[in-house]
Amino acid sequence: MAEPDNVSVDVVVVGAGIGGLAAARKLCAQGLSVAVLEARDRAGGRLLSTSESSIRLDLGATWFWPNEPRITELIKDLGLASFPQYISGDAMYETTEGTQRLVGNPIDVPSGRFLNGAQELAQVIAKELPSGVVRFDQPVSRILATRDEIQAHTPSGIFTADNLILAVPPALAVSSIKFNPVLPGKLFELSKNTPVWMGAITKVVAQYSEPFWRSDGLSGSAISYVGPMREIHDMSGPEGDPAALFGFAPSMTVGEPTVTAEKVLDQMSALFGPNAAKPEQFFISDWRQERFTSPPGVERLNSYELFGHSLYATPALGGRLHWASTETATENPGHIEGALAAAIRAANAVIKETEPPMSTSSSS
Ligand SMILES: Cc1cc2nc3c(=O)[nH]c(=O)nc-3n(C[C@H](O)[C@H](O)[C@H](O)COP(=O)(O)OP(=O)(O)OC[C@H]3O[C@@H](n4cnc5c(N)ncnc54)[C@H](O)[C@@H]3O)c2cc1C
């Protein structure tokens, strides 16, 4: 068996989602040595795009919004291509009484989309970081803090640092990582009860040969009180190529079976006509099943008021552990923008720690 790695850096970042990567980017730019430990074999976490089609279809996050300054700035900085979400035409509405065509589209608001899929955001940052910073297949199972240092243990190594940024949904962190010493009671309870944004959602994406709904004057949007999908939107590329629709099916009940393709396509056809029953490609992504996103019983977590709790902005374990997932943000928690806000807050706290103390004597 290979010898375990024993690596010492200034900062360990747990998680190569957009939060962990944005924090690492800022810390590396500051000249600090960083190891990003990622459990999966890919970057992006809840940013996940297919590689199968000419434009990458988003199975995780899709949109960013015009009032989100950090993501707008990052897209510009990285030189990524984006385009506006299609929102023209009428929306559909479904109740137990049947389907109804609305006049106009009261469902969608203007938003932006990533031309090459949202995951590109994470992949580009991971590539731009100095070689060896991002380490895949490194699930952290234990975090151990002493007076002098903090360690992250993975099956293949021990990573020691002065500070650690935990860029993992808090409820997942406390259910899958052992902390030594244990987290303070209030922080543990808070983390255990903080929902994972979209962690109990099944996202369905159907790709078609053409955006037939647009020819009928429909926007591709729908709200349903019947399900399985409660919300549907157009997910086509620019000029409708490739043509696609996507929907969200929430899991209201613990252990409720995943939606079936048959039920989803029946619902699509009821809303958008028989063409909707024949997608060229079809994806069902149940984020409850993603063990590096959602802890068991994620459906039970619904105290969204815990997002951005002040305890998440207070470094724990002797001031060495900093939180940075989107759930810990005070601004736009849940969104990519929130993950960036949390990452910047955590990275700034670490940078402040590493700065030499200010002289107490002042000439002014
Ligand atoms: C279906 C869906 C649709 C969404 N739509 C939108 C949208 O349109 N717009 C928007 O702004 N946001 C959207 N979101 C939310 C958005 O994806 C998240 O806000 C953002 O990606 C969170 O980033 P993060 O870095 O905080 O967490 P994550 O992306 O969850 O990253 C955490 C990382 O930590 C890793 N990890 C977990 N446990 C360990 C461990 N023990 N050791 C090491 N690594 C570990 C994970 O593999 C992951 O890579 C959506 C999410 C989903 C699921």
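All values derive from a computational prediction rather than experimental measurement.

What follows is about the overall build of the protein chain. Across its full length, the protein chain carries 8 helices and 20 strands. Relative to the globule expectation of 21 Å for 364 residues, the C-alpha radius of gyration of the protein chain, 22 Å, shows essentially globular dimensions. Across its three principal axes, the protein chain shows a C-alpha extent of roughly 70 × 50 × 45 Å. Across the protein chain, contacts joining residues at least 24 apart in sequence account for 72% of those joining residues at least 6 apart. If you sum the accessible surface of the protein chain, you get close to 16600 Å²; carbon and sulfur atoms cover 52% of it. Averaged over its 28 positive side-chain charges, the protein chain has a centre that lies 6 Å from the centre of its 40 negative ones.

What follows deals with helix H2 (residues 69–78). Here H2 has its buried residues at Ile-71, Leu-74, Ile-75 and Leu-78. Viewed along the axis of H2, the buried residues span an arc of 100°, placing them on a single side of the element. Residues of H2 that are exposed and angled more than 90 degrees away from the buried face: Pro-69 and Lys-76. Against helix H1 (18–29), strand S4 (63–64), strand S8 (112–114), helix H3 (119–128) and helix H8 (336–354) lie the buried residues of H2. Following H2 by one or two positions, Gly-79 adopts a phi angle in the positive range, close to 70°.

Ile-18, Leu-21, Leu-27, Leu-121 and Ile-165 are the most contacted members of the largest nonpolar core, which totals 42 residues. Counting residues per element, the ones that place at least two in this core are strand S2 (11–14), H1, strand S3 (34–37), H2, H3 and H8. Element by element, the count of residues in this core is highest for H8, at 8 residues. Two domains share this core, each providing at least three of its residues, namely domain 1 (1–48 + 118–198 + 290–364) and domain 2 (57–117 + 200–289). Sequence-distant contacts of Leu-21, defined by excluding residues within four places in its chain, comprise Gly-15, Ala-16, Ala-43, Ala-122, Ile-125, Ala-126, Leu-129 and Val-134. Among the nonpolar cores identified, the runner-up in size contains 30 residues, and Val-140, Phe-159, Leu-190 and Leu-306 belong to it.

Calculation criteria
- Residues numbered from 1 in each chain as written.
- Predicted model: local features only at pLDDT ≥ 70, side-chain atom pairs only at ≥ 80, totals over all residues.
- Heavy atoms only, no water.
- Helix = DSSP H or I, 4+ residues; strand = E, 2+ residues; numbered from the N terminus.
- Rg over C-alpha atoms; globule rule 2.2 N^0.38 Å.
- Contact = heavy atoms within 4.5 Å.
- Areas by Shrake-Rupley, 256 points an atom, 1.4 Å probe, with all protein chains shown as cover.
- Lys, Arg positive; Asp, Glu negative; His and termini not counted.
- Charge placed at Lys NZ, Arg CZ, Asp CG, Glu CD.
- Buried < 20%, exposed > 50% of the residue type's maximum accessible area, 1.4 Å probe, protein only.
- Arc of directions from axis to C-beta.
- Core = buried A, V, L, I, M, F, W, Y, C linked by side-chain atoms within 4.5 Å.
- Domains from an automatic or database assignment.

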